[in-house]
Amino acid sequence: MDVIFGIILPVFGTLALGYAAARFGVFDEAANRGLSLFVFNFALPLMLFRAIAQADLPEAMPWGYLLSYYIGAFGVFGMAMVAARALFARRTDEQAVLGLGAGFSNTGMLGIPLVMTAYGPSAALPLFVMIACHSLLMLPPTTALIEAARGGKQSAAATLLNLGRSVLGTPIIWGLSCGLAFALSGIEIPGPVDAVAKGLGGAATPCALFALGASLTRYSLGGNLREPAVLVALKTVVHPLLVWLLATQVFDVPPLWMMTGVLLAALPAGITPYLFAQRYNACQSTVASAVFLSTVLSVFTLSGLLFLLRP
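Residues numbered from 1 in each chain as written. Predicted model: local features only at pLDDT ≥ 70, side-chain atom pairs only at ≥ 80, totals over all residues. Heavy atoms only, no water.

(A) Looking closely at the overall build of the protein. When helices and strands are counted, the protein shows 14 helices and zero strands. Overall, the protein shows an N-to-C arrangement of helices and strands of α-α-α-α-α-α-α-α-α-α-α-α-α-α. Rg of the C-alpha trace for the protein: 19 Å, near the compact-globule value of 19 Å for 311 residues, within the 12% margin. Projecting the C-alpha coordinates of the protein onto the three principal axes gives extents of approximately 60 × 45 × 40 Å. Across the 311 residues of the protein, 51% fall into the buried class. Taking the contacts inside the protein whose residues are at least 6 apart along the sequence as the reference set, 86% of them involve residues at least 24 apart. Looking at the protein as shown, the accessible area adds up to about 13,800 Å², and 67% of this sits on carbon and sulfur atoms. (Helix = DSSP H or I, 4+ residues; strand = E, 2+ residues; numbered from the N terminus. Rg over C-alpha atoms; globule rule 2.2 N^0.38 Å. Buried < 20%, exposed > 50% of the residue type's maximum accessible area, 1.4 Å probe, protein only. Contact = heavy atoms within 4.5 Å. Areas by Shrake-Rupley, 256 points an atom, 1.4 Å probe, with all protein chains shown as cover.)

(B) Region of the structure containing the packing of helix α2 (residues 29-53) against helix α9 (residues 191-201). At a minimum axis separation of 8 Å, α2 and α9 run at an interaxial angle of 125 degrees. It follows that α2 is oblique to α9 by the angle criterion. Like other packed secondary-structure pairs, α2 and α9 cross with a definite hand, here left-handed. In this structure, α2 uses F38, A43, L46, M47, F49 and R50 to contact α9, whose residues at the interface are V193, D194, A197, K198, L200 and G201. By residue class, the composition of the contact of α2 with α9 is eight nonpolar, one polar and three charged. (Axes fitted to C-alpha atoms, helices over the stretch in contact; angles between N-to-C directions. Parallel < 35°, antiparallel > 145°, perpendicular 65-115°, else oblique. Left-handed = near helix turned anticlockwise from the far one by under 90°. Nonpolar A, V, L, I, M, F, W, Y, C, P; charged D, E, K, R; others polar.)

(C) View of a nonpolar patch on the surface. A cluster of nonpolar side chains, M61, W63, L67 and I71, forms an exposed patch at the surface whose accessible area comes to about 410 Å². Examined against the element boundaries, I71 turns out to sit in helix α3 (residues 63-88). When its relative accessible area of 42% is taken as the criterion, I71 is described as partly exposed. (Patch = residues over 30% accessible without salt bridge, like charges linked within 9 Å, V, L, I, M, F, W, Y side chains within 5 Å. Salt bridge = Lys/Arg side-chain N within 4 Å of Asp/Glu carboxyl O.)

(D) Representation of empty space enclosed by the protein within the structure. Enumeration over the complete set of coordinates arrives at one cavity of 30 Å³ or more. Volume-wise, the largest cavity comes out at about 30 Å³. Every residue lining the largest cavity is listed: A80, A83, A84, F88, L98, E227, V230 and L231. Only α3 and α11 (226-250) provide two or more residues apiece to the lining of the largest cavity. Ranked by residues supplied to the lining of the largest cavity, first place goes to α3 with four residues. Per-class residue counts for the lining of the largest cavity are seven nonpolar, no polar and one charged. (1 Å grid on protein atoms, 1.4 Å probe; cavity = no way out; pocket = protein on both sides within 12 Å on 5 of 7 lines; lining within 4 Å. Points joined across faces, edges and corners; volume = space filled by probe spheres on them.)

(E) Focus on the environment of A144. Position of A144 relative to the elements: it lies in helix α6 (residues 124-149). In this structure, the C-alpha to C-alpha distance between A144 and A96, residues 48 residues apart in sequence, is 9.3 Å.

(F) Local environment of the pattern of salt bridges. Applying the stated criterion to the full structure yields five salt bridges. Its salt-bridge partner being R50, residue D194 comes within 2.7 Å of it at the nearest N-O pair. Taken as a pair, D194 in helix α9 and R50 in helix α2 lie far apart in primary sequence, 144 residues in all. For D194, a relative accessible area of 19% translates into the label buried. In this structure, E94 engages R90 in a salt bridge whose closest nitrogen and oxygen atoms are separated by 3.4 Å.

(G) Region of interest: α6. Helix length check: α6, at 26 residues, gives a terminal C-alpha distance of 38 Å against a target of 38 Å (1.5 Å per residue), a fit within 8%. Remark: G151 follows α6 within two positions and exhibits a positive phi of approximately 70 degrees. (Expected span 1.5 Å × (residues − 1).)

(H) Seen up close, the side chain of T260. Tracing the chain through its elements places T260 in helix α12 (residues 255-265). Those residues in contact with T260 that sit more than four places away from it in its chain are Y65, V115, Y119, A123, P126 and L127.

(I) Structural detail: the side chain of H239. Relative to the elements of secondary structure, H239 occurs in helix α11. In this structure H239 comes out as buried when scored by relative accessible area, which is 0%. Not counting chain neighbours up to four residues away, the residues in contact with H239 comprise Y69, G72, A73, V76, G103, S105, L234 and A265.

(J) Highlighting helix α5 (residues 107-119). Its 13 residues give α5 an end-to-end C-alpha distance of only 15 Å, which falls more than 12% under 18 Å, the value for a rise of 1.5 Å per residue. The buried fraction of α5 amounts to 12 of the 13 residues, a majority that puts the element mostly inside the structure. All of the buried residues along α5 are T107, G108, M109, L110, G111, I112, P113, L114, V115, M116, A118 and Y119. Immediately downstream of α5, the backbone of G120 shows phi near 80 degrees, a positive value.

Spelled out as structure tokens, the structure:
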């Protein structure tokens, strides 16, 4: 009951309210875009800046944490590609898009609020490590596979350069990096800066969830649901199971880091795979259905997982 009333109802209740507001026309697309920009450019970076700046850093980086997560992520990526080829006769570029749909979590709009609500500021450091690596490790291989399959001329170096610029231009990364600089130097955040970061950062969780709920109205279930069902099963069940097995049976990952990694792996598919599907005009209906379906079903899958992964 503590999990339900303390985490699930506040998180998914806010998400459902955003969805209802957009669905009934009282919160339009322009309003949602403005709220999303506020969340990504100000609220989330300041919340994470403050949490990281006040965190106790570990003596050594738990590399098993990263290996557990990304071996699992690329494992389901490969499973999705195999399933797309064997069951649905998809081309290689389409397989890559579907692989990203199975392995790329919604860390920003849902992961940050959920993890911080469930585990508090102490989980900010594992979050930082994962967010800093997520796009950098997942997107270049996907882009390379698609470009190679289509005979693209963009080199690997150009792809990495463009991705690096994108990552460095992300406010969340700057917020995390500045927080880490304060934590490493031992300098306390000046009072006025801390007050601003605390005030705006406090709005991050509800605003991010409300904006995510409103954005779900863009997606719907359509076409054959066999493909989306495969992606959803890989994303919300197989991925967290692989991460848990690796973190507990193969690597010696600290409990908080293990719980954070498993929870992030169990998140629904992120919006980034849909943007890739749009950009390359590949499997748009399948990925949109997977984003919508995995987010709706995550109410139940994440509830069960949070019950099992109590601190």
